[in-house]
Each structure stands twice: as structure tokens, then as C-alpha cells.
Amino acid sequence: MATRWSVPAGALLSGGEPTWTGLSALLDAASHATLTLCLAAPLGAGVDLAFAAIALGEALDEAAWLHEQVRQQPPARLGPLHIGDDLDESRHVVEQLLTTATAHTLLMIDEAATPEEVACLGRVLRRLLTAGEEFARAAA
């Protein structure tokens, strides 16, 4: 059975032009979904997913540090996992969010208006790459 996360994630993935608000929504959804996944995964993979969730939360904190308005946005959540949900498919949905957030960050770095934005997006990117490494470790 597929995951119910596909529909709400699809709305985030088709968000259009990369913005601070859009990036924060991707990061918020990915971090909370990863935390939910880590609770349902076997212990070894769950630990790696917990570290990925932490890295994604830190990326969101970095964005909010520079642009406080991202914290004023409503939280982006994919919802709970259900017993019939496919964990591999759920992980794939979160990986798509992570990939899209990384792509948006790279585009935003190219268009950053200030050195502070470039530095902030660099820190966000490092945390996204760390989260990706943890996802890869969880899948191994």
C-alpha cells in the first residue's frame, strides 16, 4: 500500500519559485515526517533517521534566524503514518522533499541579495547534505 503522505507532499513539491517561505515549509514538513519515520523504523535505521530529523530542524532554524517571518507561517505537516502505509514509500516521499529543498537552496544561493543570505543558505545546505547522508545510512 502506498503512503498517505504523497498528496500533502505533492502540494509542497509543486510550490513553484523558491522562496524563504517555501523553503521553510519544505524543511518543516521533512523534519517532522522524518521524526515520524524514525519512530516506525527498526532501531538502527531509526537512529539514523533521528539524526536526519535533527539536521533538518537545524536547517529550518538557520532560515528562521535570518528571516523571522518563516516562523509565522503555519506548520507544514504530512500527517501521521498509518499501519498500512508503506515505510519505504514514505521514506521516498521525504527524500523528495529533501531533494527539492536542496535544489531550492542552491537556486536561492545564486539569487541571494546579501552576504548574510548566502552564508545562511550555505549553512542550510550543509545541514541538508547531512540529512541526506543520514537517509542513505538508514537505507543501507
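Data block above holds the structure.
Remember, predicted model here, so these are calculated numbers, not experimental data.

**Q** Which parts of the structure should I look at to understand the pattern of salt bridges?
**A** Proximity of charged atoms lets side chains of opposite charge pair with each other. Counted according to the given criterion, the structure contains eight salt bridges. Two residues, Asp28 and Arg77, come together in a salt bridge whose shortest N-O distance is 2.5 Å. Residue Asp28 is found in helix α2 (residues 20–40), and its partner Arg77 is found in the loop between α3 (43–66) and α4 (87–110); the two are separated by 49 residues along the sequence. The partly exposed category is assigned to Arg77, whose relative accessible area is 42%. Note that Glu62 and Arg123 form a salt bridge whose closest N and O atoms lie 2.7 Å from each other. One end of the pair, Glu62, is in helix α3; the other, Arg123, is in helix α5 (residues 115–139), with 61 residues separating them in the sequence. Overlapping salt bridges bring together Glu58, Glu62, Arg123 and Arg127 as one network.

**Q** Honestly, the side chain of His67 in this entry has me stumped. Any pointers?
**A** Take His67: it is sitting in the loop between α3 and α4. Look at His67 and you get buried, because its relative accessible area is 15%.

**Q** Sorry, what's going on with α5 here?
**A** Residues spaced three or four apart along an α-helix face the same direction, because each turn holds 3.6 residues. Compared with the 36 Å implied by 1.5 Å per residue over 25 residues, the 36 Å span of α5 between its first and last C-alpha is a close match. Looking only at α5, the buried set comprises Glu117, Cys120, Leu121, Gly122, Val124, Leu125, Leu128, Ala131, Glu134, Phe135 and Ala138. In the core, the buried residues of α5 are packed alongside α2, α3 and α4.

**Q** Just checking my understanding: could you explain the nonpolar core for this structure?
**A** Side chains of nonpolar character tend, in soluble globular proteins, to be buried together. Core analysis: the biggest nonpolar cluster contains 40 residues, and Trp5, Leu12, Leu27, Leu78 and Leu97 have the highest contact counts within it. Top element by residues in this core is α2. It accounts for ten residues. Beyond its immediate sequence surroundings of up to four residues, Leu78 is in contact with Trp5, Pro8, Ala9, Leu12, Ala29, Ala33, Val93 and Leu97.

Criteria and cut-off values
Residue indices begin from 1 for each chain and proceed along its sequence in written order. Reporting of local features is limited, given that this is a predicted model, to residues whose pLDDT is at least 70; pairs of side-chain atoms are given and counted only at 80 or more, and all residues count toward the totals for whole chains, interfaces and linings. No hydrogens and no water enter the side-chain calculation; it runs on all heavy atoms of the structure. We define a salt bridge as a contact between a side-chain nitrogen of Lys or Arg and a carboxyl oxygen of Asp or Glu at a distance within 4 Å. Secondary structure elements follow DSSP: runs of H or I of four or more residues count as helices, runs of E of two or more count as strands, with numbering from the N terminus. Using a 1.4 Å probe on the protein chains alone, a residue whose accessible area is under 20% of its type maximum counts as buried, one over 50% counts as exposed, and one in between counts as partly exposed. To estimate how far a helix should extend, the number of its residues minus one is multiplied by 1.5 Å. Note on definitions: a residue-residue contact is assigned when non-hydrogen atoms from the two residues lie within 4.5 Å. Nonpolar cores were defined as sets of buried Ala, Val, Leu, Ile, Met, Phe, Trp, Tyr and Cys residues, with membership established by side-chain atoms within 4.5 Å.

Bear in mind that shape data such as this cannot, by itself, settle questions of function.
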